[in-house]
There are 2 protein chains.
Amino acid sequence: MQRKSRATITDVAHLAQVSPKSISRVINGEPGVSEETRQRILKAISELGYVANTAARRLRGVSKVIGLVVSGFEDYAGQVVRGMSQAAQHFGYNLVLYVQHSGEQDPATYQELIGSGLISGMLMVIPYDYEILLALCEEYEIPYVLLDYEGSVPDENVPTVTVTNRKGTLEAVRYLLALGHRKIGFITAQMSIASAVERLQGYRDALSEVGIDYDPLLVVEGDFSQTAGFEQTRVLMKRHPNMTAVVASDDLMALGAMDAIKDAGLRVGEDISVIGFDDIPMAATMHPPLTTVRQPMLEMGKAAVKMLVDQLEGHSLMSNQQEFATELVIRQSVGKIP
Amino acid sequence: MQRKSRATITDVAHLAQVSPKSISRVINGEPGVSEETRQRILKAISELGYVANTAARRLRGVSKVIGLVVSGFEDYAGQVVRGMSQAAQHFGYNLVLYVQHSGEQDPATYQELIGSGLISGMLMVIPYDYEILLALCEEYEIPYVLLDYEGSVPDENVPTVTVTNRKGTLEAVRYLLALGHRKIGFITAQMSIASAVERLQGYRDALSEVGIDYDPLLVVEGDFSQTAGFEQTRVLMKRHPNMTAVVASDDLMALGAMDAIKDAGLRVGEDISVIGFDDIPMAATMHPPLTTVRQPMLEMGKAAVKMLVDQLEGHSLMSNQQEFATELVIRQSVGKIP
DNA sequence: TTATAGTACGTCAACGTTGACGTACAGAGG
DNA sequence: CCTCTGTACGTCAACGTTGACGTACTATAA
């Protein structure tokens, strides 16, 4: 079941004992192939994991590649992709886009994407099931870079681009502590996600630095969405009427938190302070503007491309695990305790 | 300066009176070409508008195409692209992504994107300067589809995917009128954008239906951003203390409007009602959930791909200007006037 | 029976580019 | 004068696929 180098139409032809043209006929649904031969060819195809080479097809005139020009992309992933697009352009590369649809993923799709030979490298931004993809890349010997993956950290030679998640929340909470806050809530995301775990850990670190005991009741779990932020903040406020600050694991949940606070007739930054994570474009334009832990998303996108290009062009890369520094961006959603 | 069919390396070679290999040497910066010849070749290249064929290079082993797997994309453009990705996958096509960076656009980039021969069709989602792109597509005889373009409507055989912008706001305002609202503000976007103009017109239509005079002072201009929504709503509230509803030309501005209202100590949906446009994923999770004019973004993305694929595969297309129906999604940001 | 049509293949060349290798010529050195 | 080296090219084949065309064989009709 393993295939070192990509199988070509000729390989399949040899295995099925027919001419390449017949393989072509089968995969393009052309007539002129007996059912018996067809089955034999189909078997050979799946046996070799054959996928038609897109470049060759394109050269022949037949092909399936569409250009796409977009503006927009204002969320976290969008910003990262924006950076990637810029860098790719700079290095003279093209980006073939594949948007993961939530939930079910068909491995056959990845097989096609990678096996088609169109692609010489792979970037994965917050991929759901990166293990499958990773395995495929290894199999086809395609270099790749992982950016903010879900799941536990893969072994240390897997090229990744990350941020100092733990330090990010650590500094955010330190900032709150310095301003006199003591009762600080935390909205985490799914604990199956590596970055979420680290961000929570940063919160715990900061508290323990000043000798505050970790109170599990001050931590609630959301899913990076605004709704979750809203609802979980309500839970926190009900549970701890004297809570003076909330830190969220991303900006969207922080936005939800702000809503919940306003909804309760309180003032963000005066009655309850809020800190987010990411610094999506919207963060600066919320009311009040959100104090948040900035991830340099554009730069991360660019760095990921650079790392990949270095691999592709045989340059030795400095390090294959690049970690970017977060930065606490102070705006108006945090206030001082008198 | 016009080139019917794509120039190949051989064409350039003929013009420059050298072998194709020398052209290859020049464009790849290899040594072994005299400065004199180099200049001659360079001249021939620009004269013919030659761009190396990516597919052929790829086939030869050299190439510059990177795969990109992402999740996310929660804004308007992201949703459309999501739909496109799904449809493209369904039809067996690949999407080569190009993200426009705000402001300056280098025509040479487009030239490369299209001239490389990698692409057989083109999708443009909210493109800034679609005229340049369109011209290039025509020149290279590449089919294309325009989605929610900026600018005035091109002539009627340009394939486009749009929504019933005018009817959308018309129905939204009718809904407000039916609930007893009379003093209704409107936040438009830049009037250079076609869809913004139409949405404003829908507002005017609805008012004139019930004989309310159009009051320019109830209309303010934003730029589709949340901040603009916030600020312009403040302007409106100051100007018209008795205003009972605001309609925004997109959801982000509606979000800003909600913020401004809450900020003034008023209640959204009780004191002032708000209606947006788009129905981005976030709209449903705002507080209160936003009543808005839904654009079927995923479907529009899919339809655009379908239209393009039909062109590419020579199917006659039903119509080359597809208009989708908007739908008023009623949530909790609108209240009744007693 | 033989001509005829249809089916199921195979052969070949071409898409555009570039790596490997070959050649012609100028100038240097003996 | 001739050999040698280097530069500036040109030639050729191959990457993987498919359209155009050719061929062998079988079934049917005359």
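Residues numbered from 1 in each chain as written. Chains lettered and ligands numbered in written order. Predicted model: local features only at pLDDT ≥ 70, side-chain atom pairs only at ≥ 80, totals over all residues.

Draft legend 1. Structural context of the overall build of chain A. Within chain A, the secondary structure is distributed over twelve helices and twelve strands. Referenced to the eigenvectors of the C-alpha coordinate spread, the extents of chain A come out at roughly 85 × 40 × 35 Å. A total of 338 residues make up chain A; the buried ones form 50% of that total. Taking all contacts inside chain A whose residues are at least 6 apart in sequence as the whole, residues at least 24 apart take part in 69%. (Helix = DSSP H or I, 4+ residues; strand = E, 2+ residues; numbered from the N terminus. Buried ≥ 20, exposed ≤ 12 C-beta atoms within 10 Å, placed from the backbone. Contact = placed C-beta atoms within 7 Å.)

Draft legend 2. Structural view of the protein's contact with DNA strand C. Lining the immediate environment of DNA strand C, one finds 25 residues, of which Ser19 and Ser34 of chain A together with Ile9, Ser24 and Asn53 of chain B sit closest. Taken together, the elements giving at least two residues each to the surface near DNA strand C come down to helix 2 (20–27) and helix 4 (54–60) of chain A together with helix 1 (9–16), helix 2 (20–27) and helix 4 (54–60) of chain B. By residue class, the composition of the surface near DNA strand C is ten nonpolar, ten polar and five charged. (Near = placed C-beta within 6 Å. Nonpolar A, V, L, I, M, F, W, Y, C, P; charged D, E, K, R; others polar.)

Draft legend 3. Just the interface of chain A and chain B, in detail. Listed as interface residues are 63 residues of chain A and, on the opposing side, 63 residues of chain B. If you list the elements that add at least two residues to the side of chain A that touches chain B, you get helix 4, strand 1 (65–70), helix 5 (76–91), strand 2 (94–99), helix 6 (107–115), strand 3 (121–125), helix 10 (226–239) and helix 11 (251–263) of chain A. Among the elements that make up the side of chain A that touches chain B, the one with the highest residue count is helix 5 of chain A (ten residues). A per-class count over the side of chain A that touches chain B returns 35 nonpolar, 20 polar and eight charged.

Draft legend 4. The nonpolar core, seen in detail. Of all hydrophobic cores here, the largest spans 184 residues; its most connected members are Leu68 and Leu123 of chain A together with Leu68, Val96 and Leu123 of chain B. Ranked by size, the runner-up nonpolar core spans eleven residues in total, among them Ile23, Ile41, Ala44 and Val51 of chain A. (Core = buried A, V, L, I, M, F, W, Y, C linked by C-beta atoms within 7 Å.)

Draft legend 5. Local environment of the protein's contact with DNA strand D. Taken together, 25 residues sit near DNA strand D, with Ile9, Ser24 and Asn53 of chain A together with Ser19 and Ser34 of chain B positioned nearest. Among the secondary structure elements, those contributing two or more residues to the surface near DNA strand D are helix 1 (9–16), helix 2 and helix 4 of chain A together with helix 2 and helix 4 of chain B. Its residues assigned to classes, the surface near DNA strand D shows ten nonpolar, ten polar and five charged.

Draft legend 6. Focus on the sheet that holds strand 6 (residues 184–188) of chain B. All names here are of chain B. One open sheet holds the six strands; their spatial order is 7-6-8-9-10-12, and the pairing between them is mixed. If you trace the sheet from one side to the other, it starts and ends with strand 7 (219–221) and strand 12 (327–329), each paired once. Each strand axis lies, on average, 20° off the axis of its neighbour in the sheet, ignoring direction. Taken together, the three bridges between strand 6 and strand 7 define a ladder with parallel strand orientation. Across the sheet, residue Thr188 finds its bridge partner in strand 7, namely Glu221. Where helix 8 (residues 165–178) meets the sheet, it contacts strand 6, strand 8 (245–248), strand 9 (273–278), strand 10 (291–294) and strand 12, and its direction lies at approximately 165° from that of strand 9. (Pairing = 2+ DSSP bridges. Axes fitted to C-alpha atoms, helices over the stretch in contact; angles between N-to-C directions.)

Draft legend 7. Quick look at the environment of Lys262 of chain B. Examined against the element boundaries, Lys262 of chain B turns out to sit in helix 11 (residues 251–263). When the C-alpha atoms of Lys262 of chain B and Ile272 of chain B are compared, they prove to be 9.6 Å apart, with ten residues separating the residues in sequence.

Draft legend 8. Inspection of the packing of helix 2 of chain A against helix 3 (residues 35–48) of chain A at higher detail. Residues and elements named next belong to chain A. Between helix 2 and helix 3, the shortest axis-to-axis distance is 10 Å and the interhelical angle comes to 90°. As summarised for this structure, helix 2 and helix 3 are arranged roughly perpendicular, according to the angle between their axes. In contact with Ser22, Ile23 and Val26 of helix 2, helix 3 contributes Thr37, Arg38, Ile41 and Leu42. Grouping the amino acids of the contact of helix 2 with helix 3 by side-chain chemistry returns four nonpolar, two polar and one charged. (Parallel < 35°, antiparallel > 145°, perpendicular 65-115°, else oblique.)

Draft legend 9. Quick peek at the relation of the copies chain A and chain B. In screw terms, the move from chain A to chain B is a rotation of 180° and a rise of 0.1 Å along the axis, fitting with an RMSD of 0.1 Å. Here the symmetry operator amounts to a two-fold rotation axis. When the interface residues of chain A are mapped onto chain B, 100% of them again lie at the interface, so the same face is used by both copies. (Least-squares fit on C-alpha atoms with pLDDT ≥ 70 in both.)

Draft legend 10. Seen up close, the environment of Gly61 of chain B. All names here are of chain B. Mapped onto the secondary structure, Gly61 falls in the loop between helix 4 and strand 1 (65–70). For Gly61, a count of 8 C-beta atoms within 10 Å gives the class exposed. Separated by 14 residues in sequence, Gly61 and Asp75 place their C-alpha atoms 37 Å apart.

Draft legend 11. Main features of the sheet that holds strand 12 (residues 327–329) of chain A. All names here are of chain A. Here six strands make up an open sheet; going across it, the order is 7-6-8-9-10-12 and the pairing mixed. The two strands at the open ends of the sheet, each matched to only one other strand, are strand 7 (219–221) and strand 12. Averaged over neighbouring strand pairs, the angle between their axes works out to 20° when direction is ignored. Of the strands in this sheet, strand 6 (184–188), strand 7, strand 8 (245–248) and strand 9 (273–278) are in contact with helix 9 (residues 194–209), which crosses strand 6 at around 170°.

Draft legend 12. Region of the structure containing the pairing of strand 8 of chain B. Residues and elements named next belong to chain B. Residues of strand 8 alternate between two faces, with Ala245 and Val247 on one and Val246 and Ala248 on the opposite face, all of them buried. As paired elements, strand 6 and strand 8 share four bridges and run parallel to each other. The residue bridging Ile187 from the neighbouring strand is Ala248, located in strand 8. Taking the sense of rotation as the criterion, the β-α-β connection linking strand 8, helix 11 and strand 9 turns out right-handed. (Right-handed = clockwise from strand over helix to strand, strands pointing away.)

Draft legend 13. Structural context of the packing of helix 5 (residues 76–91) of chain B against helix 12 (residues 297–312) of chain B. All names here are of chain B. Orientation of helix 5 relative to helix 12, taken along the N-to-C sense of each, is 45°, at an axis distance of 7 Å. Taken together, helix 5 and helix 12 sit at an angle that is classed as oblique. Here helix 5 and helix 12 pass one another in a crossing that is right-handed. For the pair helix 5 and helix 12, contact is made by Tyr76, Gln79, Val80, Val81, Arg82, Gly83, Met84, Gln86, Ala87, Ala88 and Phe91 and by Met297, Leu298, Glu299, Met300, Gly301, Lys302, Ala304, Val305, Lys306 and Val309, respectively. For the contact of helix 5 with helix 12, the residue count by class is 13 nonpolar, four polar and four charged. (Left-handed = near helix turned anticlockwise from the far one by under 90°.)

Draft legend 14. Looking closely at the pairing of strand 9 of chain A. All names here are of chain A. In terms of burial, strand 9 is largely enclosed, as six of its six residues are buried. Where strand 8 and strand 9 come together, three bridges link them in parallel fashion. Residue pairing across strands places Ala245 opposite Ser273, the latter belonging to strand 9. The sheet contact formed by strand 9 and strand 10 (residues 291–294) spans four bridges and is parallel. Counterpart to Ile275 in the pairing with strand 10 is Thr291.

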